[in-house]
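Close look at the chain arrangement
Spelled out, the chains give:
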Amino acid sequence: MRCSRKSPAPFTEVSCAATAAAELLGVNQARISSIEAGRYAVSAERVRAFARGYDCADESLIQALCTMTGGRTRGWWDEYRDHLPVALVDLAELEHHAVEVRVCLVIHIPALLQTTDHARALFREVAPPLLPYEVEHRLSHRIKRQGVLHGDHALRYTALIHEAALRMRFGGGDIARAQLQHLMDMGERDNITTRVIPFGSGFPGTGQSIDYLSGHVPQLDTVQLDTHHGCEFLDAQSQLTKYRSVLDRMETAALTPVASRDFIHRLARQL
């Protein structure tokens, strides 16, 4: 469906797309807007209706999307939609549906491997400052996100952590030591690989934090980048290829898991 307009505008384009989607499903545009905002869950039947309407014949992709639906059941992250930036809520949902995640960080410990005290110390450093209840909302959201690393279907997780991040002392020496011990403990889990990039190895990248979330099919892969204005999500094939290459090079520069554990242990003793 085409929308007649004299000059293209992003808002108009989105409006036309929502109108077309509403017609495909036989619902009003407000319902589509609510689905996009996460206020309504999408059923497998609706996913297939969308696929038919947009002539998508990729059954593996359609089935993967259907598997991700929860009927009318909402995920735990939805309770935060009125309290946190949308991107943070979307990130939790992406992690929930991912089959594997690779991350690389230079200044911070990966969010899914942070202790409660370390995370709280970080949130208190946010600029502009968060109010106490905002800190607690973000903290509880972060801790719940970590649930994907546990259970019968625990996420496969590879964390590449630069030495600079390990030497940061957010919250003071005691909290920093506890955080390093937690990294070593989590690295012992079968589904988690923790590797250190020491100063002497150089750094094959720009220093930007990267999360690469692998979906059930390659078309659902997503890269998440941390920026000063919040999370940024990328899913174009060229972008995915680029960041897979960057992470591969970073893994080449990193110590082995065993050597990384020894490295973290030495740093912890120095604190």
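Located above this text is the structure these notes cover.
Here goes a summary of the coordinates provided. (Residues numbered from 1 in each chain as written. Predicted model: local features only at pLDDT ≥ 70, side-chain atom pairs only at ≥ 80, totals over all residues. Heavy atoms only, no water.)

Some details on the packing of helix 9 (residues 173-186) against helix 11 (residues 257-270)
Filter applied, for reference: Axis definition: a line fitted to C-alpha atoms, limited for helices to the stretch in contact. Angles are taken between N-to-C directions and run from 0 to 180 degrees. Segments assigned H or I by DSSP are reported as helices when at least four residues long, segments assigned E as strands when at least two residues long, and all are numbered from the N terminus. Just so you know how the angles are binned, under 35 degrees is roughly parallel, over 145 roughly antiparallel, 65 to 115 roughly perpendicular, and the rest oblique. Note on convention: near helix rotated counterclockwise from far helix by under a right angle means a left-handed crossing. Clockwise means right-handed. Should any heavy atoms of two residues lie within 4.5 Å, those residues are counted as being in contact. Residue polarity is assigned by list, with Asp, Glu, Lys and Arg as charged and Ala, Val, Leu, Ile, Met, Phe, Trp, Tyr, Cys and Pro as nonpolar; anything else, Gly included, falls into the polar class.
Contact pair helix 9 / helix 11: the axes reach a minimum separation of 9 Å and the direction vectors enclose 165 degrees. Between helix 9 and helix 11, the interaxial angle falls into the category roughly antiparallel. Considering only the axes of helix 9 and helix 11, their crossing is left-handed. Between helix 9 and helix 11, the contacting residues are Arg177, Leu180, Leu183, Met184 and Asp185 on the first element and Arg261, Ile264, His265, Leu267 and Ala268 on the second. Residues belonging to the contact of helix 9 with helix 11 are distributed by class as follows: 6 nonpolar, 1 polar and 3 charged.

Quick look at the packing of aromatic side chains
Let me state the cut-off plainly: Classification of ring pairs rests on two measures: the distance between centres of Phe, Tyr or Trp rings, Trp counted by its six-membered ring, which must be within 6.5 Å, and the angle between planes, read as stacked under 30 degrees, edge-to-face over 60 and tilted in between.
Summed over all chains, the structure comprises 2 aromatic pairs. In textbook terms, an aromatic cluster arises when at least three aromatic residues are bridged by ring pairs, as seen for Trp76, Trp77 and Tyr80.

Some points on the pairing of strand 3 (residues 192-197)
The line we're drawing: Only protein chains enter the accessibility calculation, which uses a 1.4 Å probe; a residue is then buried when its area is under 20% of its type maximum, exposed when over 50%, and partly exposed in between. Whether two strands pair comes down to DSSP finding at least two bridges between them.
With 5 of its 6 residues buried, strand 3 lies for the most part within the structure. Of the pairings in the sheet, the one linking strand 2 (residues 156-162) to strand 3 comprises 6 bridges and is parallel in character. By the bridge assignment for strand 3, Leu160 is matched with Arg195.

Looking at the sheet that holds strand 4 (residues 210-214)
Read across the sheet, 6 strands follow the order 3-2-1-4-5-6 without closing on themselves; strand pairing throughout is mixed. With one partner strand each, in any of the chains shown, strand 3 and strand 6 (230-234) form the two edges of the open sheet. Taking each pair of neighbouring strands and ignoring which way they run, the sheet shows an average axis angle of 15 degrees. Along the sheet face, helix 5 (residues 86-97) touches strand 4, strand 5 (222-227) and strand 6 and points at about 50 degrees away from the line of strand 6.

A look at the packing of helix 6 (residues 116-123) against helix 7 (residues 132-145)
It is the contact of helix 6 with helix 7, at a shortest axis distance of 10 Å, that shows an interaxial angle of 140 degrees. What the angle tells us is that helix 6 and helix 7 run oblique. Crossing of helix 6 against helix 7: the hand is right-handed. Residue-level inspection shows Thr116, Ala119, Arg120, Leu122 and Phe123 of helix 6 in contact with helix 7, the latter providing Val135, Glu136, Arg138, Leu139, Arg142 and Ile143. Looking at the contact of helix 6 with helix 7, its residues break down into 6 nonpolar, 1 polar and 4 charged.

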